[in-house]
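Remarks on the overall topology
Each chain is listed here by its residues.
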Amino acid sequence: MKAIHKILVPIDFSPHAEKALQYALALAGQWGAVIDAVHVVFPEYEALDVPVMTAVATQKKLEAAREVLTNFVDAAKAKVSVAGKKMPLVNELVELGTPVSTIVETAERDEADLILMGTQGEHNRLERMFGSVSSGVLERTELPVWVIPADAQIKLPEVVAYAAELKPDEPYLIWKAAKMLAPMNPIFRCVHVKTADGEAEPVSVEELKGFFAGKTPTLQVSFHEIREPSVAEGLDDFTDFYQADLLIMSTHHRNVWDRFFHKSQTRQMALSCRVPLLVIKD
């Protein structure tokens, strides 16, 4: 996985967007990355859709948004310490369009390496935690997406929980995540949640542990397997027990992702909203 040089942060001027920008500033300070703070403006439509009136109204909205965005970024910077490092550069972008498409297209156009988003959050319901914009971006982008719950602490990850599905490419995905977070040097705790109706996996936890033994001396990693009624409950318990600062999941097996968000699992979506989630695409 290539180094993180640019982080795109969607801004809707809400408190959770400010939290996300503060979090991005802390990460960018470690990576030496720049930030694209992007606010999306819907086109203005006047009565009878008179072209001239519509253009003027839209232009006014764009100008007002640029001013508000500058103040918003300045306020976020004032609340963040980057531990003696230089304050990251923040590019302020105001784009015209619909949120999901514009965020994904802007990230591709400007060669972002990561999309970091705030979310309003609903306590103890991961499915509700993802608003329509967050879930839409997750579905459409090929970039890693880092989701920051509204009540998350602004701190660099020290303990990471990695949800392992024990697929053949799992070692590569763990290495990919570890390389991305190398500047923070966190402890990795890889966990596989085994459920009663779970299918047999092609790789065992012991095989995964053996693969990494002695090969990555700089990576602090441990491997765990737990039994729980559902994946969601297992990850919830695991992140709480080890006080993880970040949960990492991958979408390399779409059926698992679909199962995780299936409506029948809603009552089991008990992951604590204090834990940010990093979704890595394969």
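As a reminder, the structure under discussion sits directly above these lines.
Keep in mind it's a predicted model, so treat the numbers as computed, not measured. (Residues numbered from 1 in each chain as written. Predicted model: local features only at pLDDT ≥ 70, side-chain atom pairs only at ≥ 80, totals over all residues. Heavy atoms only, no water.)

Once that is clear, we can look at the overall build of the chain. The helix and strand inventory of the chain stands at 9 helices and 10 strands. Buried positions account for 51% of the 282 residues belonging to the chain. Across the chain, contacts joining residues at least 24 apart in sequence account for 82% of those joining residues at least 6 apart. Summed over its atoms, the accessible surface of the chain is roughly 13,700 Å², and 52% of this surface lies on carbon and sulfur atoms. (Helix = DSSP H or I, 4+ residues; strand = E, 2+ residues; numbered from the N terminus. Buried < 20%, exposed > 50% of the residue type's maximum accessible area, 1.4 Å probe, protein only. Contact = heavy atoms within 4.5 Å. Areas by Shrake-Rupley, 256 points an atom, 1.4 Å probe, with all protein chains shown as cover.)

Before going further, it helps to examine the sheet that holds strand E3 (residues 90–96). The 10 strands lie next to each other as E3-E2-E1-E4-E5-E10-E9-E6-E7-E8, forming an open sheet whose pairing is mixed. Single-partner strands in this sheet number two, and they are E3 and strand E8 (220–227). Direction aside, neighbouring strands of the sheet carry axes that sit 25° apart on average. In the sheet, strand E2 (residues 34–41) pairs with E3 via 7 bridges, with the strands oriented parallel. If you follow Ile 35 over to E3, its bridge partner there is Val 90. In the packing of helix H6 (residues 170–180) onto the sheet, contacts are made with strand E4 (114–119), strand E5 (145–149), strand E6 (159–163), strand E7 (187–194), E8, strand E9 (246–250) and strand E10 (277–280), and the angle to E6 comes to roughly 155°. (Pairing = 2+ DSSP bridges. Axes fitted to C-alpha atoms, helices over the stretch in contact; angles between N-to-C directions.)

Moving on to the pattern of salt bridges. All told, the structure shown has 5 salt bridges when counted by the stated rule. Put simply, Arg 109 and Glu 95 hold a salt bridge, and the shortest N to O gap is 2.9 Å. Of this pair, Arg 109 sits in helix H3 (residues 99–109) while Glu 95 sits in strand E3; the two residues are 14 residues apart in sequence, bridging distant segments of the chain. For Glu 95, a relative accessible area of 16% puts it in the buried group. (Salt bridge = Lys/Arg side-chain N within 4 Å of Asp/Glu carboxyl O.)

You can see Phe 42 is positioned in the loop between E2 and helix H2 (51–78). Phe 42 sits in the partly exposed class, given a relative accessible area of 45%. For the pair Phe 42 and Glu 95, spaced 53 residues apart in sequence, the C-alpha to C-alpha distance is 8.7 Å. Phe 42 has contacts with Lys 61, Leu 96, Gly 97, Thr 98 and Pro 99, leaving out every residue within four places of it along the chain.

Another aspect to go through is the packing of aromatic side chains. Overall, the coordinates contain 8 aromatic pairs when judged by the stated rule. Ring geometry for Phe 241 against Tyr 242: centres 4.9 Å apart, planes inclined by 85°, an arrangement best described as edge-to-face. A relative accessible area of 64% means that Phe 241 is categorised as exposed. For Tyr 242, a relative accessible area of 25% corresponds to the partly exposed category. (Phe/Tyr/Trp six-rings, centres within 6.5 Å; stacked < 30°, edge-to-face > 60°.)

The element H6 is extensively covered by neighbouring structure, given that 8 of its 11 residues are classed as buried. Where H6 is concerned, the buried positions are Glu 170, Pro 171, Leu 173, Ile 174, Lys 176, Ala 177, Ala 178 and Met 180.

With respect to the helices, strands and loops of the structure, Lys 176 is situated in helix H6. In sequence terms Lys 176 and Ile 280 are 104 residues apart; their C-alpha atoms lie 8.8 Å from each other.

Moving on, we get to the packing of H6 against helix H7 (residues 205–212). Running from amino to carboxyl end, H6 crosses H7 at an angle of 55°, the nearest separation of the two axes being 10 Å. Taken together, the axes of H6 and H7 are oblique relative to one another. Seen along the crossing, H6 lies across H7 with a hand that is right-handed. Together, Glu 170, Pro 171, Ile 174 and Trp 175 of H6 and Leu 208, Phe 211 and Phe 212 of H7 make up the contact between the two elements. Its residues assigned to classes, the contact of H6 with H7 shows 6 nonpolar, no polar and 1 charged. (Parallel < 35°, antiparallel > 145°, perpendicular 65-115°, else oblique. Left-handed = near helix turned anticlockwise from the far one by under 90°. Nonpolar A, V, L, I, M, F, W, Y, C, P; charged D, E, K, R; others polar.)

By themselves, these observations are geometric and do not establish any function.
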